[in-house]
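Residue-level structural notes
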Amino acid sequence: MWDVIAVFAGMNGTAIENFVCVIFNVSFMNCTWHVGRSASGDTQYFLYWKTSKKEDFTGCQNYIKDNCGRHTGCRFQNVTIENKKAYFLVNGSRSGQSIQSYMKTIILYRIEKLTPPSNVTVNCTEASHGCEIQWQRPRTSHVKKDGCFKYEIVIENKVDPEKNIKTTSKTERSITGNSYIFGSFSAEKRYSVKIRATDNGCLVSASWGEWSTPVEFGKEQLISTSSYMLFLIAVLAASLVFFLCKVSIYLKKTSSTVPQPKDPFNEMSPTDFQTEYKNLLMKYETEEITIIEEMM
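What comes next concerns the included structure. It should be emphasised that the depicted structure is a prediction, and the values quoted were computed from it without experimental measurement.

In this section: the packing of aromatic side chains. Taken as a whole and assessed by the stated rule, the structure comprises 13 aromatic pairs. Relative to tyrosine 191, the ring of phenylalanine 182 has its centre 5.4 Å away and its plane inclined at 75°; by these criteria the two rings are edge-to-face. Tyrosine 191 carries the same exposure label as phenylalanine 182, and that label is buried. Since its relative accessible area comes to 4%, tyrosine 191 is described here as buried. By the ring-pair criterion, three or more aromatic residues cluster together here, those being Phe19, Trp33, Trp49, Phe76, Phe88 and Tyr102. The ring of phenylalanine 57 is capped by lysine 50, whose NZ or CZ atom sits 4.5 Å from the centre of that ring. The ring of tryptophan 211 has lysine 194 lying over it, and the distance from NZ or CZ to the ring centre is 4.7 Å.

Written as structure tokens, this is what we have:
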């Protein structure tokens, strides 16, 4: 079903023109228009809208104005799509002039500007000369299935004046799913990737959405497995040397403060031991003689 437009009775050329609405950032909507070609400078316009024929029209609460103070648009918040149509009415007023009213019916999902795919990541390996690019679907208020979107990916090879490398790009469209394998990767080059989404057979806008923020990869960001292992071994070796030095210093400090026990077998030399033995014998004989004399 196409959008329906109607212009009601009034002076020709006084109705608004180029009425356009866009939903963005999931739940915000802006509607804008141009002043009628035959409308005088003091003509003022007013917008009303509803999402069901059974509802009453609701007036705009936040108008966009031109330099003359005339209403040329309206800002909306907390808009939900949910497969709904919206009915817009814009009429005007001017003293002594009949202004044509303008009505338009819009299917809301068709006017949504899709948000960019989020959480774009790139993982590359030198061994396979390839990169896996992953992302998450755009945020919307009414579609929660990954299969409802298809994507366009642009991968650019960045300029490198030192190696006389010019910017080149690779574009892939109609990609389904949430990942893509880039098989032409070279560790000596620098790349950037950006992604946008569109409808893949669901109630999603057929227009391409916003581009994701470019993500750069390659060259300085890549660390090969062998380089990483060499770096890890060097760090572990340095840590081990540091640990052994600390243990050695600690043991030296501990051994210098603990008193050494005396060795009764190595304390005296053989000569000193012989002299000590003779002294003991003489003392024993003297004591024995003294005891005998006392008994007598």
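A word on the pattern of salt bridges. Two side chains that carry opposite charge are able to pair once their charged atoms sit near each other. Inspection of every chain in the model, using the stated rule, returns eight salt bridges. The partner of glutamate 17 in a salt bridge is arginine 37, with the nearest N and O atoms 2.5 Å apart. Of the two residues, glutamate 17 sits in strand 2 (residues 17–24) while arginine 37 sits in the loop between strand 3 (28–34) and strand 4 (44–50), which places them 20 residues apart along the sequence. For arginine 70, the salt bridge identified is with aspartate 66, shortest N-O distance 3.1 Å. The exposure class assigned to arginine 70 is buried, which follows from its relative accessible area of 16%. A residue is classified by how much of its surface remains accessible, and aspartate 66, at 23% relative accessible area, is partly exposed.

This part is about the nonpolar core. Formed by 28 residues in total, the largest nonpolar core has its most connected members in Phe19, Met29, Leu47 and Phe88. Beyond its immediate chain neighbours, meaning those up to four positions away, methionine 29 contacts Cys21, Val22, Ile23, Phe24, Trp49, Cys74, Arg75, Phe76, Val79, Phe88, Leu108 and Ile111. With 23 residues, the next largest nonpolar core counts Phe149, Tyr151, Ile175 and Phe217 among its residues.

Conventions adopted
- Residues numbered from 1 in each chain as written.
- Predicted model: local features only at pLDDT ≥ 70, side-chain atom pairs only at ≥ 80, totals over all residues.
- Heavy atoms only, no water.
- Phe/Tyr/Trp six-rings, centres within 6.5 Å; stacked < 30°, edge-to-face > 60°.
- Buried < 20%, exposed > 50% of the residue type's maximum accessible area, 1.4 Å probe, protein only.
- Lys NZ or Arg CZ within 6 Å of the ring centre and 35° of its normal.
- Salt bridge = Lys/Arg side-chain N within 4 Å of Asp/Glu carboxyl O.
- Helix = DSSP H or I, 4+ residues; strand = E, 2+ residues; numbered from the N terminus.
- Core = buried A, V, L, I, M, F, W, Y, C linked by side-chain atoms within 4.5 Å.
- Contact = heavy atoms within 4.5 Å.

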